[in-house]
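# Structural overview for review
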Amino acid sequence: MTDSMWGHTAASGYQAGTDLTGFKVEATDGSIGKVDKQSDEVGSAYIVVDTGVWIFGKHVLLPAGTIQSIDGADRKIYVALTKDEIKDSPEFDKDKHTGDAGYHQQVEGYYGSRD
C-alpha cells in the first residue's frame, strides 16, 4: 500500500467531492457492508464501513488506497481485501480516528503488511 494508502488511486475512478455514503462495499470474495462515513482529507482519505450483522455490527476504517474501483451507477465500491482481512482489521475508533497519528499508523501497519 505504501504512501498512497491514504489517497484515492487514479484507477479507482473516484471523483473528488463524490459522496460515497450508503454505497455497498464489495470485498474480493463478497459483500461486506456499506459506507457509513468518508473523508476526502488530503493524506488521510478513507471510508468507514458498517459491516452490519456480518461481524456483529463492527465498523472498520478502510484507507482510500484499498479501493480498487467505484461503480457509481450501482452504488458499489470494490476493495482489494478479502472478508477475513476486513474482519481481522483494527476496529474503527470514532474517538481516535481524527488527529491520532498512532491510530492511523496502526491501521496503516495492518493494511501495509498485506503487500
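Note: the structure precedes this text.
Presented here is a report on the structure given in the accompanying data block. Here the structure is a predicted model, which means the values were calculated and not measured.

The next thing to look at is the sheet that holds strand β5 (residues 67-71). Spatial ordering of the open sheet is given by β4-β3-β2-β1-β6-β5, a layout of six strands whose pairing is mixed. Across the chains shown, the open sheet's two edge strands, defined by having one partner strand only, are β4 (59-63) and β5. Direction aside, neighbouring strands of the sheet carry axes that sit 35° apart on average. Pairing geometry for strand β2 (residues 30-39) and strand β3 (residues 46-50), over five bridges, is antiparallel. In the strand pairing of β3, K34 is matched with D50.

What follows concerns the pairing of β2. Two strands pair when backbone bridges link them, and strand β1 (residues 24-27) and β2 are joined in this way by four bridges, in the antiparallel orientation. Residue pairing across strands places K24 opposite K34, the latter belonging to β2. From the end of β1 to the start of β2, which pair antiparallel, there are two residues.

A complete count under the given rule lists one salt bridge for this structure. Across the pair D84 and K87 runs a salt bridge, and its minimum N-O distance is 3.9 Å. One end of the pair is D84 and the other is K87, both in helix α1 (residues 83-87) and three residues apart, which spans about a single turn. Since its relative accessible area comes to 47%, D84 is described here as partly exposed. Residue classification places K87 among the partly exposed residues on the basis of a relative accessible area of 36%.

What follows concerns the nonpolar core. If you look at the biggest cluster of nonpolar residues, it comprises 26 residues, and the most contacted ones within it are I47, L61, L62, I77, V79 and I86. When residues of this core are traced back to their parent elements, those giving at least two are β1, β2, β3, β4, β5, β6 (76-79) and α2 (101-112). Per-element tally for this core: the top contributor is β3, with four residues. For V79, the contacting residues outside a window of four places in its chain are V25, E26, A27, T28, L62, T66, I67, Q68 and I86.

Moving on: unusual backbone geometry. Of note, R75 is a non-glycine position whose phi angle comes to about 55°, a positive value. A relative accessible area of 39% means that R75 is categorised as partly exposed.

The alternating pattern of β6 places I77 and V79 on a buried face and K76 and Y78 on a face that is not buried. The sheet contact formed by β5 and β6 spans four bridges and is antiparallel. Note that in β6 the partner of S69 across the bridge is Y78. What sits between β5 and β6 in their antiparallel hairpin is a turn of four residues, with R75 showing a positive phi close to 55°.

Conventions we followed
Residues numbered from 1 in each chain as written. Predicted model: local features only at pLDDT ≥ 70, side-chain atom pairs only at ≥ 80, totals over all residues. Heavy atoms only, no water. Pairing = 2+ DSSP bridges. Helix = DSSP H or I, 4+ residues; strand = E, 2+ residues; numbered from the N terminus. Axes fitted to C-alpha atoms, helices over the stretch in contact; angles between N-to-C directions. Salt bridge = Lys/Arg side-chain N within 4 Å of Asp/Glu carboxyl O. Buried < 20%, exposed > 50% of the residue type's maximum accessible area, 1.4 Å probe, protein only. Core = buried A, V, L, I, M, F, W, Y, C linked by side-chain atoms within 4.5 Å. Contact = heavy atoms within 4.5 Å.

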